[in-house]
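Each chain, written out:
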Amino acid sequence: TLRMWGIEPTREHLQALPVAMENTYGKGVLSQAVSKLMHASAAQVVIYNGVRWATDVEMVRSFDHHLLVYVTAESELRFQRLRARNEKPGEEGMSYEQFLQEEQAATEREIPKIGATADVRLENNGTKDAFAGQVKMFCDEHLTADKMT
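Attention in this report is confined to the structure presented alongside it. Please read these numbers as outputs of a predicted model, since none were measured by experiment.

**Details of the nonpolar core**
1) Next: Counting residues in hydrophobic clusters, the biggest one holds 11 residues: Met-38, Val-51, Val-57, Met-59, Val-60, Phe-63, Leu-68, Tyr-70, Ile-111, Ile-114 and Ala-118.
2) Next: Sorting the residues of this core by element identifies helix 3 (54-61) and helix 6 (111-116) as the ones contributing at least two each.
3) Next: Considering each element in turn, this core owes the most residues, 3 residues, to helix 3.
4) Next: The contacts of Leu-68, once residues within four sequence positions are left out, are Val-51, Val-57, Arg-61, Ile-114, Thr-117, Ala-118, Asp-119 and Val-120.

Encoded structure:
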């Protein structure tokens, strides 16, 4: 949406957009849009990355078969990874203080509280291989044919 409007998709702009949409069109407007897409999907498994609002949690839990998975890591490590990925303009030069400040944005504040209610919690404080092992164990435990019926 931001690119379509000619607005640089910085973290600040990406955090402001859903707030503006909720303020303009009502609480849960994005959750409702995602719900429609998920219900329209023919996939056996749908992953919704980025649960950030209570309305997102309600939407996920509205499905008969659902799991709310919280993936987290220590803040310093999240900061280092964010800078290394440099996915959004300005991330490479971001300071840790700026990162911590942005974690207080409206789109970020509820995440720890949501994580506390998750069905599964995965800690991503180690190596990629260690995390891949956790994901494999999760899939083996939760995404087998008998668990998905």
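**Topic: helix 1 (residues 11-25)**
1) Next: Over its 15 residues, helix 1 extends 22 Å from the first C-alpha to the last, a length consistent with the 21 Å expected when each residue adds 1.5 Å.
2) Next: Those residues of helix 1 that sit buried are Arg-11, Gln-15, Leu-17, Pro-18 and Glu-22. For helix 1, the arc enclosing every buried residue in end-on projection is 150°, short of the 170-degree limit, so these residues lie on one face. Opposite its buried face, helix 1 presents the exposed residues Glu-12, Asn-23 and Thr-24, each directed more than 90 degrees away.
3) Next: Looking at the buried residues of helix 1, the elements they touch are helix 2 (29-40), helix 3, helix 4 (75-85) and helix 5 (96-102).
4) Next: Residue Gly-26 follows helix 1 closely and has a positive phi angle near 110°.

**Some details on a nonpolar patch on the surface**
1) Next: Among the surface-exposed residues, Met-4, Trp-5 and Ile-7 lie close enough to one another that they form a single nonpolar patch of about 360 Å² accessible area.
2) Next: Summarising the element assignment, Met-4 is placed in the segment before helix 1.
3) Next: Exposure remark for Met-4: the relative accessible area of 69% places this residue in the exposed category.

**So, the environment of Leu-82**
1) Next: When you line up the elements, Leu-82 lands in helix 4.
2) Next: Measuring from C-alpha to C-alpha, the distance between Leu-82 and Glu-92 comes to 7.8 Å, with 10 residues separating the pair along the chain.
3) Next: Other than its neighbours up to four places away in sequence, Leu-82 contacts Arg-11, Glu-91, Met-94 and Phe-99.

**Digging into the pairing of strand 2 (residues 120-123)**
Put simply, side chains in a regular strand alternate between the two faces of the sheet.
1) Next: Covered by surrounding structure in strand 2 are Val-120 and Leu-122 only, the residues Arg-121 and Glu-123 on the alternate face being uncovered.
2) Next: Sheet analysis places strand 1 (residues 69-72) next to strand 2, joined by 4 bridges and oriented parallel. Each bridged residue has a counterpart across the sheet, and for Val-71 the counterpart in strand 2 is Leu-122.

Rules used throughout
Residues numbered from 1 in each chain as written. Predicted model: local features only at pLDDT ≥ 70, side-chain atom pairs only at ≥ 80, totals over all residues. Heavy atoms only, no water. Core = buried A, V, L, I, M, F, W, Y, C linked by side-chain atoms within 4.5 Å. Buried < 20%, exposed > 50% of the residue type's maximum accessible area, 1.4 Å probe, protein only. Helix = DSSP H or I, 4+ residues; strand = E, 2+ residues; numbered from the N terminus. Contact = heavy atoms within 4.5 Å. Expected span 1.5 Å × (residues − 1). Arc of directions from axis to C-beta. Patch = residues over 30% accessible without salt bridge, like charges linked within 9 Å, V, L, I, M, F, W, Y side chains within 5 Å. Areas by Shrake-Rupley, 256 points an atom, 1.4 Å probe, with all protein chains shown as cover. Salt bridge = Lys/Arg side-chain N within 4 Å of Asp/Glu carboxyl O. Pairing = 2+ DSSP bridges.

Don't take any of this as a statement about function, it's just geometry.
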